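# Working through the structure, step by step
The primary structure of each chain is shown beneath.
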Amino acid sequence: MRKLDLYNQFKQEQYKADIEALRWHIWALKADNEQEREDCNRIAERDENEAMGIFKACNAILGDYTGKLNDESVALLDKYIEMRTQYRKLKAEIA
């Protein structure tokens with residue numbers, strides 16, 4: 001397996017975990033009660049920790065390597081940015 005392929009696999013898994021964390025944070029903002037909100041945020045934190053673990057593993061294995069993202073990685077990054085924007089907008093509306 002080439003370094004570039006490994007890099008893209010790491011990035012895709014990281015973005016998937018980050019997207020899932022954002023999804024849980026959004027559900028927490030929309031939750032009807034405090035218990036549901038806490039549960040959603042706890043799951044979101046777990047997914048954020050998973051994404052950070054993937055990021056650290058990538059850095060430990062590949063060092064400072066930064067390859068070109070393939071189309072699938074770019075699509076996931078775009079989805080992450082879109083969801084992060086949606087989350088921030090929703091959070092601002094609620095606050």
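Here is what the cut-offs are and how they apply
Residues numbered from 1 in each chain as written. Predicted model: local features only at pLDDT ≥ 70, side-chain atom pairs only at ≥ 80, totals over all residues. Heavy atoms only, no water. Helix = DSSP H or I, 4+ residues; strand = E, 2+ residues; numbered from the N terminus. Contact = heavy atoms within 4.5 Å. Lys, Arg positive; Asp, Glu negative; His and termini not counted. Charge placed at Lys NZ, Arg CZ, Asp CG, Glu CD. Core = buried A, V, L, I, M, F, W, Y, C linked by side-chain atoms within 4.5 Å. Buried < 20%, exposed > 50% of the residue type's maximum accessible area, 1.4 Å probe, protein only. Axes fitted to C-alpha atoms, helices over the stretch in contact; angles between N-to-C directions. Parallel < 35°, antiparallel > 145°, perpendicular 65-115°, else oblique. Left-handed = near helix turned anticlockwise from the far one by under 90°. Nonpolar A, V, L, I, M, F, W, Y, C, P; charged D, E, K, R; others polar.

Moving on to the overall build of the protein chain. For the protein chain, the helix and strand inventory stands at three helices and zero strands. Each helix (α) and strand (β) of the protein chain, taken in turn from the N terminus, gives the series α-α-α. Counting only C-alpha atoms and orienting by the principal axes, one finds that the protein chain spans roughly 50 × 20 × 15 Å. Put simply, of all contacts in the protein chain between residues at least 6 apart along the chain, 80% involve residues at least 24 apart. Between the centroid of the 16 positive side chains of the protein chain and the centroid of its 19 negative side chains there is a distance of 4 Å.

Grouped together as the largest cluster of nonpolar side chains are nine residues: Tyr15, Ile19, Leu22, Ile26, Leu76, Tyr80, Met83, Tyr87 and Leu90. Contributing elements (two or more residues each) for this core: helix H1 (3–30) and helix H3 (71–94). Of the residues forming this core, the biggest block, five residues, is contributed by H3. Core analysis: the next-biggest nonpolar cluster, separate from the first, contains five residues, Tyr7, Phe10, Cys58 and Leu62 among them.

Our focus in this paragraph is the environment of Tyr80. Relative to the elements of secondary structure, Tyr80 occurs in helix H3. Taking C-alpha positions, Tyr80 is 21 Å from Arg37, a pair spaced 43 residues apart along the chain. Contacts of Tyr80, omitting those with residues within four sequence positions, involve Asp18, Ile19 and Leu22.

Close contact between H1 and helix H2 (residues 34–62) brings their axes to 8 Å; oriented N to C, the two are set at 165°. The angle between H1 and H2 falls in the class roughly antiparallel. Crossing handedness for the pair H1 and H2: left-handed. Looking at side-chain class alone, the contact of H1 with H2 contains 18 nonpolar, three polar and nine charged residues.

It is the contact of H1 with H3, at a shortest axis distance of 9 Å, that shows an interaxial angle of 20°. Taken together, the axes of H1 and H3 lie roughly parallel to each other. As for the relative orientation of H1 and H3, their crossing is left-handed in sense. Looking at the contact of H1 with H3, its residues break down into 12 nonpolar, five polar and eight charged.

With that settled, the discussion passes to the side chain of Gln12. Note on placement: Gln12 falls in helix H1. We classify Gln12 as buried; its relative accessible area is 11%. In this structure Gln12 touches Asn70, Glu72, Ser73 and Leu76, once residues within four positions along its chain are discounted.

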